Amino acid sequence: MDPRLINDVAGVITWQLDLATGLLSTDQQGRRLLGLPTQANGWAVHEFTDRVHPDDLLALREANALSLATHGPVDVTLRVRGADGHWVHLLTRRIAHGDEQGQPRILQGIAFNVTQQQRLASELKTASDRIALAARGVGMGTWVVDMTTGKHQWDVQMWALRGRTPRPEAPSYPEMLSWVHPDDRPRAERRLQKVVTTREGQHEFRVVWPDGSVHWLASRRLVVRDDEGKPVQQMGVNWDVTDAHRALEERHARELAQRESEAKSELLARLSHELRTPLNAILGFTQLLLADHDRMAAVERQKQLQQIEHAGVHLLSLINDVLELAQPQAASAALAPQTPVDLSEVLASARPMVDGPAAQKQIEWRVDVPAGLQACGDPVRLRQVLINLLTNAIKYNRDGGWVAVRARPEGQRVLLSVSDSGIGMPVEAQNQAFEPFHRLPASAADVDGVGIGLAIVKTLVGRMGGEIQVHSQPGQGSTFEVRLPAVQADAQHEPLPTAPPHAESGLPCLLYIEDNPVNMTIVAELVARHPGVRFVGAPDALSGLRLARELRPRLILTDMQLPDLHGSEVLQRLRADPQTRDIPCIALSANALPSDIEAALAQGFSAYWTKPLDFSAFRQTLGALFDASGR
């Protein structure tokens, strides 16, 4: 094969300088590159040196002189002005040939056009220098990966950003990942393995310093490619964004505090209205009774007393709802103790609370709840759920409408639904129905309430291990579906506490430990209406404990906030004494937070009653402990 063809294919330029004549000759590639015309004997050497970059002339002369002195090959890279006027980088090699006497006669050599490689190296160096300079100014760390060799370089700041002492070699990938926060490690590993095509947007991750502190870092990287599109280098930067994250967290905290403040203001405004309405009835009718008690007929007095009772029940319901809503999220999420609950019995206990408003609007009841159908839950909470749902079904209904309550087994669940023929809800309202303080805009001005009932319902259902859904269409009513766990075959009712034999042969005794005379009077009056039960009161814990040992009552009621001992300590002392350890003890307190109730039950109280006292529950307990066991 023709050597000239080989040179053309390989991109090799051959040249020769005659030292005697000073003429330079080159092949066709050289002439084409330099823009020199064809000349049989060559050109004066200055035709070439005039095209060499002034800064490279000294290196050219030194390379030629060294080759002449040593007769060995000498390399040097030169910038030469090409035919198009641009600088061309040539890697040249020369070797001296002498005459018969050994005197140098010609310099012969080859040259390679390395412009592309030089430009790429310059770009890499420029980019690296630019990034490093910028990084040093703002505390950034820089890294570079050679795609050919796989060599990884870190600057000092990359180590400082991780709280580490710099080392000559960059850390391995496993070591890098070990410094990343465990929660961010899988994502960081995927990014390390990802092949970046051009450049990558900013991403952030956390690193853990040796002292255990956590710092946020941001990262960017890009790929540098040669003219053929082949990736040759990855480079990137890291910088600390911990302060930015802290500032963002502080801003979110301020915004949350602002929203909470606004929500509290709205709550107080609504509660003020809701509290004043029943209080106005209580105070107003009480003043009427006090002013006209001598002239008022018994029937009229009875009506006004019923109004006072109704207002008090409404006020108590509102307070209970607010306390339930005020529970911490974690406490609300805890499952309440589950027992088999007869749904028909719960409905029967809830109906009297809403029969009055239903009769006023001439609501038709449609009930399909099989007798004996049970679900796992808390009877008190389920009753509250039903009262809230039934109240809404009546409030948002039309006059002469209907309310349907249905229940049926559904696999491992029991479905309890409350439907109405009321105004219904649009889709967007359904999505917000269970949020606190949300009310239907069209009806908010016409219907009393603060918009927390359904939020309470969702919380209570969740605490019983159930779920609630709503289906509704505007103008066609709504259906709320509550699904609770079904009762397992081996579930059994816990037996009622049994009372120990009383100490005396007379009437069985109920002991009430209470420092408030009004509360003492109410309970005493209730006990007096139950024949065959003797009431004994104690104004403080120590006297109550003494009376418990002396009388051995069949039931003990105790306030939780006594002047000398807390109610929980009263229970502990009763249980520690062999004479009183088996006496049922019920807490009776104005502390109505569910967390207080659950704590008391966990300590061993037989029950926990909240003030105002539920008369029906009180009478039921008296009947169970006194009538059933005899005297």
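In this text, all values refer to a predicted model and were calculated from it rather than measured experimentally.

**Q** It is not clear to me how the overall build of the protein should be interpreted in this structure. Could you clarify?
**A** A count of helices and strands for the protein gives 20 helices and 23 strands. Considering the protein as a whole, with its 631 residues, one finds that 40% of them fall into the buried category. Considering only residue pairs separated by 6 or more positions, the protein has 60% of its internal contacts joining residues 24 or more positions apart. For the protein, the accessible surface area stands at approximately 35100 Å², while carbon and sulfur atoms represent 54% of it.

**Q** Mind showing me how you'd approach the sheet that holds strand β4 (residues 74-81) here?
**A** Sheet strands pair via backbone hydrogen bonds, and the direction of the pair is either parallel or antiparallel. On the basis of which strands lie adjacent, the open sheet formed by six strands has the order β3-β2-β1-β6-β5-β4 and antiparallel pairing. Each end of this open sheet is capped by a strand with a single partner; those strands are β3 (43-44) and β4. Note: strand β2 (residues 23-26) against β3, two bridges, orientation antiparallel. Bridging from a neighbouring strand, L24 pairs with W43 of β3.

**Q** Can you walk me through unusual backbone geometry in this structure?
**A** When glycine is set aside, most residues are seen to have a negative phi, and most peptide bonds are trans. A positive phi angle, close to 55°, is found at Q362, a residue other than glycine. By secondary structure assignment, the location of Q362 is in the loop between α12 (343-360) and β13 (364-368). A residue is classified by how much of its surface remains accessible, and Q362, at 61% relative accessible area, is exposed. Its identity is not glycine, yet R552 carries a phi of approximately 45°, on the positive side.

**Q** Where do I start with helix α15 (residues 453-463) in this structure?
**A** The buried fraction of α15 amounts to eight of the 11 residues, a majority that puts the element mostly inside the structure. Residues of α15 that are buried: G453, L454, A455, I456, V457, L460, V461 and R463. Backbone geometry just downstream of α15 places G465 in the positive-phi region, at approximately 75°.

About the criteria used
- Residues numbered from 1 in each chain as written.
- Predicted model: local features only at pLDDT ≥ 70, side-chain atom pairs only at ≥ 80, totals over all residues.
- Heavy atoms only, no water.
- Helix = DSSP H or I, 4+ residues; strand = E, 2+ residues; numbered from the N terminus.
- Buried < 20%, exposed > 50% of the residue type's maximum accessible area, 1.4 Å probe, protein only.
- Contact = heavy atoms within 4.5 Å.
- Areas by Shrake-Rupley, 256 points an atom, 1.4 Å probe, with all protein chains shown as cover.
- Pairing = 2+ DSSP bridges.

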